[in-house]
Amino acid sequence: MVSVLLAFNVALAAAPAVGGPHAVQRDAGLAVAAPESVVVHPTEDSPSTSSSADAIADAFTANAPTLGSGIRVAIAAAPRAAAPSTGLPVAAPRSVGMSAERLAAIDRVVARGVKAGGYPGAAVVVGRKGASVWEKGFGYLDWDQKSEPVIPESSIYDLASLTKVIGTTTALMVLFDEGKIQLDDRVAKYIPAFNGGWKDSVTLRQLLTHRSGLPAGRDLWRVARSPEEARQMVIETPLEARPGARFEYSDLGADMLGFVVEAVSGKSLDAFLAERVYGPLGMTDTFFRPADSLAARIAPTEVTPPRGYPLRGEVHDENAYALGGVAGHAGLFSTAADLSIFAQMMLNGGVYNGVRVIADSTVRIFTTRAAVGTRALGWDTCDNNGGCGSYLSDRAYGHTGFTGTSIWIDPDREMFVILLTNRVHAARARQPAKVISDVRSDLADAAALAVIDGPDGVLAWPASFRADRAVGWNRPERPVRSRRSRGAGSHRKNSRAHHVTRKKASSSKSSAHKTTAKKSSSKPAAKKSTAKKSTAKKH
């Protein structure tokens, strides 16, 4: 693929009013960004920076540019042959009850993650009330400044465990709608080889809520010599606990669900999803096993994996690769724009652009938190942890992926937040997992705080975000003590010092007294010592 980079000065005053000053504009297949968006390069009259990460972060640290300011923006023209989907229609933040000024904090937060070395680039989409409100790309697909800049409409990322919900769970929702499966059906009904002992009683519901008793995973890739062998290993995996007894997040459980989809539908998981979900929704850049021709648009992942070569366009997860690249737990690739269509479909109750793929009642059933824990069916729910931040509603649901991806959907606010990164690609930060965790939470917080027409009014703005503090990103975390405890510690230290001083003074006096006494009685002491030695010799 040949990608053309166009660089020019964009004036905010010249931006069309329909999208607002912070919205991405689309024209004739090009992703044209507002001035504070995408990849920022220094112009002739601006100071140069030492690296692309510094340039990006410096450009986004300040608030949005004032009217008429010019910033040099890199814009990549996606090849027409690939025909990436354009995602949702664009709306100005205020037209959907959001503050552009508050949303601008997203730029600072995400760019700081780049500068800290957590990931080379990121695609972000925040949507509300049926429109894309904040759709931006940050940095590049890899650490090379000559690589492609990230564009939400066309940059393709390995979704990792988002596959569990965007793929496997959605396929089960379709089959549930059709009455072909029931949630309390036993897995052995569809996969007879999944039997023996407690396995006979494991249900689809238990697999979906990660309470089947299956372990988290096993190293299929070390043993299996073919996808068929890997599949058989999954099916034969013994349980580690009685079904329903405990929560254990399990990739193997998601794989079993994928096998159920294939057994019931008579099609491979990827073919079923393409035909019943992604195709009808127009998600043209969502698939397993991307074609080689798309390599230039795909963000690379691990540089030195067990496979022995850098990964780009191959699933990062080794077990998913062992299963042939199509697995219930990982293997799906997509763009942020495509995922925005999916998220809006879920907010709409299973329908988008006149196409219904899931019943609204099914959406409610699968996204409602179970009685125990935080999990829904396939989906996780927001408990102010796990990347959803501190402000999304109790009904918000979503998921994260190991490669640095996440999606959170908040029905109460009619809003979703999508973040795609490749933080597993030669991350330079000391703790890239901490970086992506904080950025995920900050992104969700900034989006929720930007809502200005909610029932609670405008929420108070925090003094700082996690990314501003960057605790544990590149330096070891230190326990934070309160001012009172620091004062108490200082008091104890001074008290100890005073005690030691008094003790030393007392010891000095005692030593002086002993020295005087020793001089006056030195001769008798010598005789006593001699007597002791003689006694010792007798024994």
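Here, every reference points to the structure presented above.
For the structure given in this document, a descriptive report is provided here. (Residues numbered from 1 in each chain as written. Predicted model: local features only at pLDDT ≥ 70, side-chain atom pairs only at ≥ 80, totals over all residues. Heavy atoms only, no water.)

The geometry of an aromatic ring pair is captured by the separation of the ring centres together with the interplanar angle, meaning the angle of the planes. Tallied over the full model, the rule gives four aromatic pairs. Here the aromatic rings of phenylalanine 176 and phenylalanine 366 are separated by 5.8 Å at their centres, their planes lie at 70°, and the arrangement is edge-to-face. Of the two residues, phenylalanine 176 sits in helix α4 (residues 163-177) while phenylalanine 366 sits in helix α12 (residues 360-367), which places them 190 residues apart along the sequence. An identical accessibility class is assigned to phenylalanine 176 and phenylalanine 366; each is buried. A centroid spacing of 6.5 Å and a plane angle of 25° characterise the contact between phenylalanine 342 and tryptophan 379, whose relative ring orientation is stacked. Of the two residues, phenylalanine 342 sits in helix α11 (residues 336-347) while tryptophan 379 sits in the loop between α12 and β13 (380-381), which places them 37 residues apart along the sequence. This pair shows no difference in class: phenylalanine 342 is buried, exactly as tryptophan 379 is. Following the ring pairs from residue to residue traces out a cluster consisting of Phe342, Trp379 and Tyr397. One cation-aromatic arrangement involves arginine 231 over phenylalanine 259; the distance from NZ or CZ to the ring centre is 4.3 Å. The lysine or arginine in question, arginine 307, covers the ring of tyrosine 321, its NZ or CZ lying 4.0 Å from the ring centre. (Phe/Tyr/Trp six-rings, centres within 6.5 Å; stacked < 30°, edge-to-face > 60°. Helix = DSSP H or I, 4+ residues; strand = E, 2+ residues; numbered from the N terminus. Buried < 20%, exposed > 50% of the residue type's maximum accessible area, 1.4 Å probe, protein only. Lys NZ or Arg CZ within 6 Å of the ring centre and 35° of its normal.)

As a further point, take the pairing of strand β15 (residues 405-410). Where burial is concerned, most of β15 is hidden: six out of the six residues are buried. Alternating positions in β15 separate into two faces, Thr405, Ile407 and Ile409 on one and Ser406, Trp408 and Asp410 on the other, with burial throughout. Taken together, the five bridges between strand β14 (residues 397-401) and β15 define a ladder with antiparallel strand orientation. The residue of β15 that forms the bridge with threonine 400 is serine 406. In the sheet, β15 pairs with strand β16 (residues 415-421) via six bridges, with the strands oriented antiparallel. Within β16, the position partnered with isoleucine 409 by the bridge is phenylalanine 416. (Pairing = 2+ DSSP bridges.)

Turning our eyes to something else, we now look at the sheet that holds strand β10 (residues 332-334). Hydrogen bonds between backbone atoms are what pair the strands of a sheet, whose relative direction is either parallel or antiparallel. Spatially, β8-β10-β9 is the arrangement adopted by the three strands of the open sheet, whose pairing is antiparallel. Here the strands that pair on one side only, and so sit at the sheet edges, are β8 (157-158) and β9 (287-288). Sheet analysis places β8 next to β10, joined by two bridges and oriented antiparallel. Residue pairing for β10: aspartate 158 is matched across the bridge by phenylalanine 333.

Right, let's talk about unusual backbone geometry for a bit. For lysine 129, which is not a glycine, the phi torsion comes out positive at approximately 50°. Following the sequence through the fold, lysine 129 ends up in the loop between β6 (121-128) and β7 (131-139). The phi torsion at glutamate 414 lies on the positive side, around 55°, for a residue other than glycine. Looking at the element boundaries, glutamate 414 is found in the loop between β15 and β16. Accessibility expressed as a relative area gives 41% for glutamate 414, which makes it partly exposed.

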